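Commentary on secondary and tertiary structure
As a plain string of letters, each chain reads:
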Amino acid sequence: NASHSAVLGGWYNYIYHYADYATIGGGGQNFINRDAFQSLIGGGAFNSIGTNADNSTIAGGVYNFIGANSRVAAIGGGRTNVIHANATNAVIAGGGKNQTWSVATTVSGGQDNTIESVSDGSVIGGGATNAIRYNASYATIAGGTQNLVETNSDFATIAGGNNNSVGLGADY
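None of these values were measured; they are calculated from a predicted model. (Residues numbered from 1 in each chain as written. Predicted model: local features only at pLDDT ≥ 70, side-chain atom pairs only at ≥ 80, totals over all residues. Heavy atoms only, no water.)

With that settled, consider the sheet that holds strand β18 (residues 148–149). Pairing is parallel across the open sheet formed by 10 strands, whose spatial order is β2-β4-β6-β8-β10-β12-β14-β16-β18-β20. Both outer strands of the open sheet, β2 (14–15) and β20 (165–166), are each paired with one neighbouring strand and no more. As paired elements, strand β12 (residues 99–100) and strand β14 (residues 114–115) share two bridges and run parallel to each other. Note that in β14 the partner of Q99 across the bridge is T114. (Pairing = 2+ DSSP bridges. Helix = DSSP H or I, 4+ residues; strand = E, 2+ residues; numbered from the N terminus.)

Encoded structure:
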């Protein structure tokens, strides 16, 4: 029983038990899992919000996923974007194959961009194949391609370009 929840249209959309006040606007084969209180999938297809991902949103797109316990997370659209489990307050605005494992992170767009776990507060603005590795909190890659912030490089910044890196443990 998901009280006060609604599926407004589309096909094979489903809101699981105890996902109270949740909404699926339309599209097809979208799922809001149990206990994802007040979560929303606006449309698209094959999108899913995980268990206990309260107040999370997938606005549209296809094959996007917000993992379990990723509360107040959002994916704006695109294809095959993933906010992994426990990445609360994370945002992927769009693009394709972008992913984050960390809390309060942002991937604005682009393709194949990654923020690994324990890199809380980090940002990738766009571009392609950029990565912020494990435990590089508050790091930024503004754009470009194949840029890398290595492990333990808190507060590191790459403004753009191609194939640039901040080395292992290069804080600030």
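Okay, the packing of aromatic side chains next. With the rule as written, the count across this model stands at five aromatic pairs. When the ring of Y21 is compared with that of F37, the centres are 5.5 Å apart and the planes differ by 75°; the resulting orientation is edge-to-face. Of this pair, Y21 sits in the loop between β2 and β3 (23–24) while F37 sits in the loop between β4 (31–32) and β5 (40–41), placing them 16 residues apart in sequence. Using a relative accessible area of 42% as the deciding quantity, one classes Y21 as partly exposed. (Phe/Tyr/Trp six-rings, centres within 6.5 Å; stacked < 30°, edge-to-face > 60°. Buried < 20%, exposed > 50% of the residue type's maximum accessible area, 1.4 Å probe, protein only.)

It is worth spelling out the nonpolar core at this point. Where a protein is soluble and globular, its nonpolar side chains tend to be buried together. Residues I32, I49, I66, I83, I132 and V149 are the most contacted members of the largest nonpolar core, which totals 28 residues. Not counting residues within four places of it along the chain, the set of residues in contact with I132 comprises T114, I115, E116, S119, S122, V123, I124, A139, T140, I141 and V149. (Core = buried A, V, L, I, M, F, W, Y, C linked by side-chain atoms within 4.5 Å. Contact = heavy atoms within 4.5 Å.)

With respect to the helices, strands and loops of the structure, A6 is situated in strand β1 (residues 6–7). Filtering out sequence-adjacent residues up to four positions away, A6 remains in contact with I15, A22, T23 and I24.

Let us look at the sheet that holds strand β19 (residues 157–158). The strand order across the open sheet formed by 10 strands is β1-β3-β5-β7-β9-β11-β13-β15-β17-β19, and the pairing between neighbours is parallel. Among the strands making up the open sheet, the edge pair consists of β1 and β19. Direction of pairing for strand β11 (residues 91–92) relative to strand β13 (residues 106–107): parallel, over a ladder of two bridges. Pairing of I92 across the sheet is with V107, part of β13.

The next thing to look at is unusual backbone geometry. Positive phi, close to 60°, is recorded for N52, a residue that is not glycine. Structurally, N52 can be placed in the loop between β6 (48–49) and β7 (57–58). Residue classification places N52 among the partly exposed positions, given a relative accessible area of 24%. Here the phi dihedral of N135 falls at roughly 60°; this positive angle occurs in a residue that is not glycine.

Time to look at the side chain of S39. In this structure, S39 sits in the loop between β4 and β5. Separated by 2.8 Å, the side chain of S39 and the backbone oxygen of A53 make a polar contact. A polar contact of 3.1 Å, which involves the side chain of S39, links it to the backbone nitrogen of S56. In this view, S39 contacts Y21, A22, T23, I32, I49, A53, D54, N55 and S56; residues no more than four positions away in its chain are not counted. (Polar contact = N/O pair within 3.5 Å; in protein donor to acceptor, adjacent residues only side chain to side chain.)

Inspection of the secondary structure puts N30 in the loop between β3 and β4. One polar contact links the side chain of N30 to the main-chain carbonyl oxygen of G26, over a distance of 3.1 Å. With near-sequence residues (within four places) excluded, N30 lies in contact with Y12, N13, Y14, I24, I41, G43, G44, A45, F46 and N47.

This next bit is on the pattern of salt bridges. A full pass over the atoms with the stated rule returns three salt bridges. Its salt-bridge partner being R71, residue D54 comes within 3.4 Å of it at the nearest N-O pair. Here D54, found in the loop between β6 and β7, pairs with R71, found in the loop between β8 (65–66) and β9 (74–75); they are 17 residues apart in sequence, far enough to count as distant. On the basis of relative accessible area, D54 is assigned to the buried category, the value being 18%. Between R133 and E116 there is a salt bridge; the shortest N-O distance is 3.0 Å. Note that R133 is positioned in the loop between β16 (131–132) and β17 (140–141) and E116 in the loop between β14 and β15 (123–124), a separation of 17 residues in sequence. When its relative accessible area of 21% is taken as the criterion, E116 is described as partly exposed. (Salt bridge = Lys/Arg side-chain N within 4 Å of Asp/Glu carboxyl O.)

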